[in-house]
Amino acid sequence: MSTNNMYQQRIPREKSAAMFAEALEYFPGGVNSPVRAFRSVSGPPLFIEQAKGSRMQDVDGNVFLDFCCSWGPLIHGHANEYIEEKVMKTVVKGTSFGTPNEMGNRLGKLILDNHPYVERLRFVSSGTEAVMSAIRLARGVTGRNKILKFDGCYHGHVDSLLVKAGSGLATFGTSSSAGVPESVAADTLILPLNDRDLLEEILSKHAHEIACIIVEPIPANNGLLIQDPSWLKCLRIKAYKHNVLLIFDEVISGFRVGFAGAAGYYDVKPDIITFGKVIGGGFPVGAYAASKEIMDYIAPVGPVYQAGTLSANPVAMAAGLAALELCLTPGFYELQAEKTHAFATALEAYAREKGYPMHVPHIGSIFWLAFGTDRITRSDQIDPANMEYFKMIHHELLQTGVYLGPSGYEVGFISGAHSVGDLEEAVGKIKAAMDVAFA
Ligand SMILES: *Cc1c(COP(=O)(O)O)cnc(C)c1O
């Protein structure tokens, strides 16, 4: 099959293409967030007109079973009626007051009553803002400047975290984005995931300068790099030992793999947790949380300044409250994990039967289409050449009505709105796409 045939368009995409051409006149690359531009896959990005439950419809009238779920927030699927009702009731009373409001109290109470690892929180408006503020808090508490992160973890577009490893195994970072000064990058240390010796070595040398260790306990932005639980426990022990703070960036895993996120899943108590995505029920909300003692460093009580005009916006709080109430329905997380496990293992069984180099790591309701047959736990184990398989699978699935996030480094999400029937339909279509990609 020639490459041209391979990417033949069998669904109408004219309206999306026209809107994208127009968007190129307004926005850099035609988008307001880079991965949306479809640069790693084929064709113009889809312009979505509406969505309900597990399905989205684009402006050309194509319908897709959606596994991107807005990159994670939509744990109850699109346009959930309970969330919608709470939002509608709230929005008519005014959208923002710049004062405290009861909705913020209610969401704060729900979280703190049901999350055993934190005692106080502060709402912000995105995951990036949550991480940025958590880093400032850690620096304010410790009076130190350096931070330690891991290769393969993403923490939003915070300057000090847009940093990649330089040469050598463990290094001071070098900026991975124009506009991030090397002087900022130099305060970030980067280690590979799951290297205990190197961690001990670096902490022994530099702990006195390090404010915090930040990690995605379930790294899900560079594939899904599920970690050994004993390594997360080791991080906790070493952070105590060397007296540095441990931040779990739970912007994806928070309220996703269980109400208490990865902290609860692995029973590891970090010092600070960042939230985003699911917490806002589809609206722009983030938060950072910790013990009362640590959070009392934040203004107006303490010396660490952090503020936000639209923070704890009542409409967003109402959406988050409704979403998290639904998460607390008994059996909710178990059911999502069960569906996801059945879905992933069906695909893996097919890959094995056919001898296709693909496997499907999954945890809670998060999954990843991984290429090769070995378990992948570090980003350097991902072979970029395999992304050609993803490109073909992604294209095929668009033709048959399944939407995956448009990059092979992105994970997929299953929501409460994905029925067993939806997932069986998707398995059939993904198998057919695998036949095309691996033929
Ligand atoms: C998405 C994400 C962020 C950034 O959140 P935004 O709301 O996109 O700013 C930070 N950390 C992790 C782990 C994320 O998945």
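Since this is a predicted model, take the numbers as computed values, not measurements.

Calculation notes
- Residues numbered from 1 in each chain as written.
- Predicted model: local features only at pLDDT ≥ 70, side-chain atom pairs only at ≥ 80, totals over all residues.
- Heavy atoms only, no water.
- Phe/Tyr/Trp six-rings, centres within 6.5 Å; stacked < 30°, edge-to-face > 60°.
- Helix = DSSP H or I, 4+ residues; strand = E, 2+ residues; numbered from the N terminus.
- Buried < 20%, exposed > 50% of the residue type's maximum accessible area, 1.4 Å probe, protein only.
- Core = buried A, V, L, I, M, F, W, Y, C linked by side-chain atoms within 4.5 Å.
- Domains from an automatic or database assignment.
- Contact = heavy atoms within 4.5 Å.
- Polar contact = N/O pair within 3.5 Å; in protein donor to acceptor, adjacent residues only side chain to side chain.
- Near = heavy atom within 4 Å.
- Areas by Shrake-Rupley, 256 points an atom, 1.4 Å probe, with all protein chains shown as cover.
- Nonpolar A, V, L, I, M, F, W, Y, C, P; charged D, E, K, R; others polar.
- Buried area = accessible area lost by both parts, 1.4 Å probe.
- Salt bridge = Lys/Arg side-chain N within 4 Å of Asp/Glu carboxyl O.

Attention now goes to the packing of aromatic side chains. Each aromatic ring pair is characterised by the separation of its centres together with the angle its planes make. The tally for this structure, following the rule as stated, stands at 16 aromatic pairs. Measuring from ring centre to ring centre gives 4.9 Å for Phe343 and Phe367, while their planes differ by 65°; the resulting arrangement is edge-to-face. With Phe343 in helix H12 (residues 332-354) and Phe367 in strand E15 (residues 366-367), this residue pair connects regions lying 24 residues apart in the sequence. Looking at Phe343, the relative accessible area reads 2%, which means it is buried. Three or more aromatic residues link up through ring pairs in this structure, and these residues are Tyr350, Tyr356, Phe371, Tyr389 and Phe438.

Ranked by internal contacts, the top residues of the largest apolar core, which has 109 residues, are Phe67, Phe150, Leu324, Phe343, Ile393 and Met434. The element contributing the most residues to this core is helix H14 (residues 420-438), with eight residues. Inspection of this core shows a minimum of three residues originating in each of domain 1 (3-66 + 330-437) and domain 2 (81-327). Beyond its immediate sequence surroundings of up to four residues, Phe343 is in contact with Phe67, Phe367, Ile414, Leu423, Ala426, Val427 and Ile430. In terms of nonpolar packing, the next biggest core, distinct from the first, is built from 22 residues, Val124, Val131, Ala138 and Ile214 among them.

Next up on the list: the side chain of His155. With respect to the secondary-structure elements, His155 resides in the loop between strand E5 (146-150) and strand E6 (163-165). Side-chain polar atoms of His155 contact the side chain of Asp249, separated by 2.8 Å. Residue contacts for His155: discarding those within four places in its chain leaves Val131, Lys149, Leu161, Ile214, Val215, Glu216 and Asp249.

In the vicinity of the ligand, the residues found are Ser126, Gly127, Thr128, Tyr154, His155, Gly156, Glu216, Asn221, Asp249, Val251, Ile252 and Lys277. Residue Gly127 places a main-chain N or O atom 2.9 Å away from an oxygen atom belonging to the ligand. One nitrogen or oxygen atom from the side chain of Thr128 is found 2.6 Å from an oxygen atom belonging to the ligand. Taking 380 Å² as the accessible area of the ligand by itself, protein coverage stands at 83%. Residues that form the shell around the ligand fall into these classes: three nonpolar, six polar and three charged.

What follows is about the domain arrangement of the protein chain. Assigned domains of the protein chain: these are domain 1 (3-66 + 330-437) and domain 2 (81-327). The gap between the C-alpha centroids of domain 1 and domain 2 is 27 Å. Each partner contributes to the interface: domain 1 provides 21 residues, whereas domain 2 provides 24 residues. Among the residues of domain 1 in contact with domain 2, Tyr333, Ile363 and Ser379 are the three that bury the most area, contributing 33% of the side total. Here domain 1 and domain 2 share one salt bridge between them. The salt bridge involving Lys52 is made with Glu81; its shortest N-O contact spans 3.3 Å. For the pair domain 1 and domain 2, the number of links is eight residue pairs in polar contact (both at pLDDT 80 or more).

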